[in-house]
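Structural overview
Residue-level listing of the chains:
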Amino acid sequence: MIRSEILKDIAPILRDQLVVCNIGIPSQELHAIDDQPTNFYMLGTMGLASSIGLGLALSQPKPVIVIDGDGSILTNMGTLPTIANNVANNYILMIIDNGSYGSTGDQPTYTGKKTSLAKVAEACGCDRVIECRDVDTGRVLQEALDSGEMTVMVVKCDSGNAKMPVITMDPVIIRDRFMKAVAAE
Amino acid sequence: MSIDKKIADDLVANDISFVTTVPCKQLAGVIEEIEHRDEIFHIPSNKEDEGMGLCAGAWMGGKRPAIIMQNTAIGVTINTLATLIQYYRMPLPMLISYRGELREPVACQVEMAVHTKALLAQMNIPTYHFHKQSDVEELDAILKYTFMCNKPVAILTDANFWGGYGDQ
Ligand SMILES: [Mg+2]
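My aim in this report is to walk through the structure given alongside it, one point at a time. (Residues numbered from 1 in each chain as written. Chains lettered and ligands numbered in written order. Predicted model: local features only at pLDDT ≥ 70, side-chain atom pairs only at ≥ 80, totals over all residues. Heavy atoms only, no water.)

So, on to the packing of aromatic side chains. The geometry of an aromatic ring pair is captured by two quantities: the separation of the ring centres and the angle between the planes. Enumeration according to the criterion identifies seven aromatic pairs over all chains in this entry. Between the aromatic rings of F40 of chain A and Y88 of chain B, the centroid separation amounts to 4.9 Å while the plane-to-plane angle is 45°, which identifies the pairing as tilted. Placement of the pair is F40 of chain A in strand β2 (residues 39-41) and Y88 of chain B in the loop between α4 (73-86) and β4 (92-98), with the two residues belonging to separate chains. When its relative accessible area of 0% is taken as the criterion, F40 of chain A is described as buried. We classify Y88 of chain B as buried; its relative accessible area is 1%. (Phe/Tyr/Trp six-rings, centres within 6.5 Å; stacked < 30°, edge-to-face > 60°. Helix = DSSP H or I, 4+ residues; strand = E, 2+ residues; numbered from the N terminus. Buried < 20%, exposed > 50% of the residue type's maximum accessible area, 1.4 Å probe, protein only.)

Let us now look at the pattern of salt bridges. Residue and element names in this part refer to chain A. The full count for this structure, using the stated rule, is twelve salt bridges over all chains. A salt bridge links D97 to K156; the shortest N-O distance between them is 2.9 Å. Of this pair, D97 sits in strand β4 (residues 91-97) while K156 sits in strand β8 (residues 151-156), placing them 59 residues apart in sequence. Its relative accessible area of 33% is what places K156 among the partly exposed residues. The partner of D176 in a salt bridge is K180, with the nearest N and O atoms 2.7 Å apart. Of this pair, D176 and K180 are both found in helix α8 (residues 171-183), four residues apart, which corresponds to roughly one turn of the helix. (Salt bridge = Lys/Arg side-chain N within 4 Å of Asp/Glu carboxyl O.)

Turning our attention to empty space enclosed by the protein. Under the definition given, this model contains two cavities of 30 Å³ or more. Taken as a whole, the largest cavity encloses approximately 50 Å³ of empty space. As for the largest cavity, its lining consists of I7, L11, A66, I67, I68, P93, L95, L139, L143 and I155 of chain B. For the lining of the largest cavity, the elements supplying multiple residues, two or more each, are α1 (3-13), β3 (64-70), β4 and α6 (139-149) of chain B. For the lining of the largest cavity, the leading source of residues is β3 of chain B, giving three residues. Here the residues of the lining of the largest cavity are counted per class, giving ten nonpolar, no polar and no charged. Considering only enclosed or pocket space, the second largest cavity measures out at about 30 Å³ in volume. In terms of lining residues, the second largest cavity is bounded by A11, L14, R15, L30, D34, Q36 and N39 of chain A. (1 Å grid on protein atoms, 1.4 Å probe; cavity = no way out; pocket = protein on both sides within 12 Å on 5 of 7 lines; lining within 4 Å. Points joined across faces, edges and corners; volume = space filled by probe spheres on them. Nonpolar A, V, L, I, M, F, W, Y, C, P; charged D, E, K, R; others polar.)

Residue and element names in this part refer to chain B. Where α1 contacts α6, the two axes come as close as 9 Å, and the packing angle between them is 35°. Between α1 and α6 lies a crossing whose hand is right-handed. Between α1 and α6, the contacting residues are I7, D10 and L11 on the first element and L139, D140 and L143 on the second. Of the residues assigned to the contact of α1 with α6, the class counts are four nonpolar, no polar and two charged. (Axes fitted to C-alpha atoms, helices over the stretch in contact; angles between N-to-C directions. Left-handed = near helix turned anticlockwise from the far one by under 90°. Contact = heavy atoms within 4.5 Å.)

We now examine the layout of surface pockets. Residues and elements named next belong to chain A. Its boundaries defined by the atoms lining it, the largest pocket holds a volume of some 230 Å³. Among the secondary structure elements, those contributing two or more residues to the lining of the largest pocket are β3 (64-69), α4 (70-75) and β5 (100-101). Residues that form the lining of the largest pocket fall into these classes: five nonpolar, ten polar and three charged.

Take the coordination of the magnesium ion next. All names here are of chain A. Coordination of the magnesium ion by the protein is provided by D70 (OD), N98 (OD1) and S100 (O), with metal-donor distances spanning 2.1 to 2.2 Å. For the magnesium ion, all donor residues lie on one chain, and their spacing in sequence is D-x27-N-x1-S. Here the two residues N98 and S100 agree in accessibility, since each one is buried. (Donors = N, O, S within 2.8 Å, 3.2 Å for Na, K, Ca; no water.)

By size, the foremost hydrophobic cluster in this structure holds 86 residues, and its most contacted members are F40 of chain A together with M94 of chain B. Here the element with the most residues in this core is helix α3 (residues 48-60) of chain B; it accounts for seven residues. For F40 of chain A, the residues in contact, after removing those within four places along its chain, are V19, V20, C21, I52, I174, R175 and F178 of chain A together with M60, Y88 and M90 of chain B. Within the second largest apolar cluster, 24 residues are counted, among which are I7, I34, F130 and V136 of chain B. (Core = buried A, V, L, I, M, F, W, Y, C linked by side-chain atoms within 4.5 Å.)

Across the boundary between the two partners, chain B contributes 26 residues, which contact 28 residues of chain A. Interface of chain B and chain A: buried area, both sides summed, is about 2,100 Å²; carbon and sulfur atoms make up 66% of it. When the buried area of chain B at its contact with chain A is split by residue, E50, M60 and Y88 of chain B rank highest and sum to 33% of it. Run the count over chain B and chain A and you get zero salt bridges. Our count for the contact surface shared by chain B and chain A stands at eight residue pairs in polar contact (both at pLDDT 80 or more). (Buried area = accessible area lost by both parts, 1.4 Å probe. Polar contact = N/O pair within 3.5 Å; in protein donor to acceptor, adjacent residues only side chain to side chain.)

On to the sheet that holds strand β6 (residues 152-158) of chain B, then. The strands making up a sheet associate through hydrogen bonds between their backbones, and the pairing can be parallel or antiparallel. Residues and elements named next belong to chain B. In spatial order, the strands read β2-β1-β3-β4-β6-β5; together these six strands make up an open sheet with parallel pairing. Across the chains shown, the open sheet's two edge strands, defined by having one partner strand only, are β2 (41-44) and β5 (127-130). The average angle at which neighbouring strand axes cross in this sheet is 20°, direction not considered. Bridge count between β5 and β6: four bridges; the pairing is parallel. Within β6, the residue paired with F130 across the bridge is T157. Each of β1 (16-21), β2, β3 and β4 is contacted by helix α2 (residues 28-35), which is oriented at about 130° to β2, the strand it contacts most. Against the sheet, α6 contacts β1, β3, β4, β5 and β6, and its axis sits at roughly 160° relative to β6. (Pairing = 2+ DSSP bridges.)

What follows is the structure, given as structure tokens:
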């Protein structure tokens, strides 16, 4: 499966949750598949989805799902020790690991070679780290939500992008409607 | 009252409850003070752009954030300031140790010091420079201003303000 097929698969689970989505094609795909006010789309700034999601999870009680990528985690590797040492049990970091920089033309990343992000996360001190196959994403994500424990998921999948339109929504509108969804009862 | 206590008091009085830090020798005292305040959740970050991501999330979660860092971090965070903090219009007080100013003992620090104000000006970031200890009296107003206008705001604090890093 490629990322967009996984996102279609898990859209019913994501729909009611706060989601922080990585820059580029992942956000375009999520936006096209199931745009929700509970989605925060990153339009710029490589690598910070996991950090934004952690700050959000530590500041309010609702579950937060971060949809991140292997390239994005590699560019902000310092995020994993911060996550491990500041446990937020309402935080799920889902790394869609397709072994490539998808948004820039599928150049290979090191996670498709010798580097294991699951092992890195464990070595950083993350307690609940689950590497899974693309077809199991929905089950593992639901189990993570049900566990009530901070979880790092590494979803191994195929490289490739769906052709989706660029997000033209104003960033302040994305942010404002997201904040209203965060604050809603 | 010590400067470190005064700064922490102003943060608390302005309901700032989420502070991320990347250390600097000049900032050691204020970071320690923040660590001990019950009203503030202190989360050290490994790099300043990571810290700004944490602050963006905290703000969207309903908390008022702040970042404490060294001026060299301006070089690290230009993209994050432009495409996250400014683009989504988020408030972010940045308490910055202004290394490389008068009484600086480390020559290399001057190399970023000479760019610091120019970069902040280029980014249209409101910038305040604390040089004398009494300048800290403006901090409360600067924090209120930051959350009024929803912008990143820089507070540069030099060695003279901290009592002379170079004299230690
Ligand atoms: Mg990738």
